[in-house]
Amino acid sequence: MGSIAQRIGSEFEAGKKHKQVYDTLGMIECLTVEARVEVAEYLCNNSKDMDLFYSLPDDVKKVYVKRIMRKLGCGL
């Protein structure tokens with residue numbers, strides 16, 4: 001039973017982190033909803049990139065997101 005509760009707790013924490021990523025991307029005005037979803041999915045699947053994203057000052061986050069979008073083959 002303990003492992004089930006632990007797994008549910010981990011999934012809940014991951015869900016909170018994913019929402020936080022999406023909400024943070026919402027502060028970047030030029031992003032469409034589709035772009036926010038694409039970048040959020042990328043960051044949630046790449047923890048090192050997510051760590052870097054959160055370590056950057058807000059004004060640099062936009063530059064980093066543009067870089068990710070180029071990597072994904074998306075444009076702003």
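The coordinates are above.
Worth saying up front: this structure is predicted, and the values here are computed from it rather than measured. (Residues numbered from 1 in each chain as written. Predicted model: local features only at pLDDT ≥ 70, side-chain atom pairs only at ≥ 80, totals over all residues. Heavy atoms only, no water.)

*Asks:* Where do I start with the packing of aromatic side chains in this structure?
*Replies:* What characterises a pair of aromatic rings is the spacing of the ring centres plus the angle enclosed by the ring planes. Counted by the stated rule, this structure contains 1 aromatic pair. With a centroid separation of 5.3 Å and 75° between ring planes, the pair formed by Phe53 and Tyr54 is classed as edge-to-face. The exposure class assigned to Phe53 is buried, which follows from its relative accessible area of 0%. Classification of Tyr54 by relative accessible area gives partly exposed; the value is 25%. (Phe/Tyr/Trp six-rings, centres within 6.5 Å; stacked < 30°, edge-to-face > 60°. Buried < 20%, exposed > 50% of the residue type's maximum accessible area, 1.4 Å probe, protein only.)

*Asks:* It is not clear to me how the packing of helix α3 (residues 47–55) against helix α4 (residues 58–72) should be interpreted in this structure. Could you clarify?
*Replies:* How two helices pack is summed up by the angle between their axes together with the distance between the axes. Contact geometry for α3 and α4: axes closest at 8 Å, N-to-C directions at 150°. When the interaxial angle is binned, α3 and α4 end up roughly antiparallel. Between α3, through Asp49, Leu52, Phe53 and Tyr54, and α4, the contact on the second element is made entirely by Lys61, Tyr64 and Val65. When its residues are assigned to classes, the contact of α3 with α4 shows 5 nonpolar, no polar and 2 charged. (Axes fitted to C-alpha atoms, helices over the stretch in contact; angles between N-to-C directions. Helix = DSSP H or I, 4+ residues; strand = E, 2+ residues; numbered from the N terminus. Parallel < 35°, antiparallel > 145°, perpendicular 65-115°, else oblique. Contact = heavy atoms within 4.5 Å. Nonpolar A, V, L, I, M, F, W, Y, C, P; charged D, E, K, R; others polar.)

*Asks:* How do you make sense of the side chain of Arg36 when you look at a structure like this?
*Replies:* One can find Arg36 in helix α2 (residues 33–45). Asp23 provides the closest opposite charge to the buried, unpaired Arg36, separated from it by 4.7 Å. Among the polar contacts listed, one links the side chain of Arg36 to the backbone oxygen of Tyr22, at a separation of 3.2 Å. Those residues in contact with Arg36, other than ones at most four positions away along the chain, are Tyr22, Asp23, Leu25, Gly26 and Leu31. (Lys, Arg positive; Asp, Glu negative; His and termini not counted. Salt bridge = Lys/Arg side-chain N within 4 Å of Asp/Glu carboxyl O. Polar contact = N/O pair within 3.5 Å; in protein donor to acceptor, adjacent residues only side chain to side chain.)

*Asks:* I'm lost on the nonpolar core in this one. Help?
*Replies:* Ranked by size, the top nonpolar core spans 16 residues in total, and within it Leu25, Leu31, Val39, Leu43 and Val65 carry the most contacts. Contributions of two or more residues to this core are made by α1 (2–25), α2, α3 and α4. At 5 residues, the largest contribution of residues to this core is made by α2. With near-sequence residues (within four places) excluded, Leu43 lies in contact with Val21, Asp49, Met50, Phe53 and Ile68. (Core = buried A, V, L, I, M, F, W, Y, C linked by side-chain atoms within 4.5 Å.)

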